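Listed below, chain by chain, are the residues.
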Amino acid sequence: MKKIIASNFKTNHTRKSTREFIEDINQYLSEKNIDNDVYIFPTATSLDSFETASNLTIGVQNAYYTKSGSFTGEIGTIHLDEFGIKTILIGHSERRHILGETQKEVALKYNYFKALGYKIIYCFGEPLEVKQAGLTETLGYIWEQFDGIDLNYENLILAYEPVWAIGTGISATTEDIGTIHRKIKKKIDKPLLYGGSVKVCGLQDILEVPNVDGVLVGTASWVAEDFKKMIYIANKMDQNSKKIICSTEE
Ligand code: 13P
């Protein structure tokens, strides 16, 4: 399977710079004939009608489990339908830990968007104190994040994002990633991404870890040139390039 490369803009980029970024990436994919699946999750205010190649998908970082209604500050599916958005991130740790989304709410959201056939990138991962408590505790914590989640859903992609590695500049080691991904894959046969301080130059090592089907990148993906390098590396690796590369230089 070709590696999946996804960019989560979080609270970054304006409407104008988002359009420039998406157009840039779209052009790059066609110029280089790249057919890896690429996802971009801009802010809700930057959603628009974008003309993109079939392997470039624009998704939403969050939406409420409603078509419309009285949910101040939220958007519903009428706002996504306006731009043909059919892909959503659910369960991101920033929504769980900063915005206080409970597992019950995450599951409600999951089931709502599942019923509508959305592609769901479902995020899960443990905080530092859980990791420090050991592997059994970590796996126990992760399984709880699957409560109420239909893991057989056909349009599901999973993303393991250890909280302690997100936005900290400290990526999990390839050993850590390998251990968790193996355990998850044993039970759930779905594409599984890694996310948490992925950088251009660490990308190939991470993508080479067994059971890593791609990456969900925050900070290091916000500059289009860097995101292009990541796409380039993933594409080269699919062609069996053995060399560690962290630039678009041949
Ligand atoms: P960083 O790459 O900034 O650590 O963020 C990862 C992430 O949360 C992607 O969803």
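Up top is the structure.
Since this is a predicted model, take the numbers as computed values, not measurements. (Residues numbered from 1 in each chain as written. Predicted model: local features only at pLDDT ≥ 70, side-chain atom pairs only at ≥ 80, totals over all residues. Heavy atoms only, no water.)

Draft legend 1. Representation of the nonpolar core. Counting 63 residues, the largest nonpolar core has Ile25 and Tyr122 as its most contacted members. A per-element tally of this core places helix α9 (residues 224-238) first, with eight residues. Beyond its immediate sequence surroundings of up to four residues, Ile25 is in contact with Val38, Ile40, Leu56, Ala224, Phe227, Lys228 and Ile231. Counting eleven residues, the second largest nonpolar core, distinct from the first, contains Ile4, Ala6, Tyr39 and Ile121. (Core = buried A, V, L, I, M, F, W, Y, C linked by side-chain atoms within 4.5 Å. Buried < 20%, exposed > 50% of the residue type's maximum accessible area, 1.4 Å probe, protein only. Helix = DSSP H or I, 4+ residues; strand = E, 2+ residues; numbered from the N terminus. Contact = heavy atoms within 4.5 Å.)

Draft legend 2. Spatial organisation of unusual backbone geometry. A positive phi angle is found at His13, which is not glycine, with a value near 75°. Position of His13 relative to the elements: it lies in the loop between β1 (4-8) and α1 (15-31). Residue class for His13 comes out partly exposed when judged on its relative accessible area of 27%. The backbone of Asn211 sits at a positive phi, close to 75°, despite the residue not being glycine. The topology assignment puts Asn211 in the loop between α8 (203-207) and β8 (214-217). The class for Asn211 is partly exposed, based on a relative accessible area of 30%.

Draft legend 3. A look at the packing of aromatic side chains. Counted according to the given criterion, the structure contains 14 aromatic pairs. Look at Tyr39 and Phe41: their rings are 6.3 Å apart centre to centre, the planes differ by 10°, and that puts the pair in the stacked class. For the pair shown, Tyr39 and Phe41 are each scored as buried. Seen in terms of ring centroids, Phe113 and Tyr118 are 4.9 Å apart; in terms of plane orientation they differ by 80°. Their pairing is edge-to-face. Over the aromatic face of Trp143 sits the side chain of Lys187, whose NZ or CZ is 4.8 Å from the ring centroid. (Phe/Tyr/Trp six-rings, centres within 6.5 Å; stacked < 30°, edge-to-face > 60°. Lys NZ or Arg CZ within 6 Å of the ring centre and 35° of its normal.)

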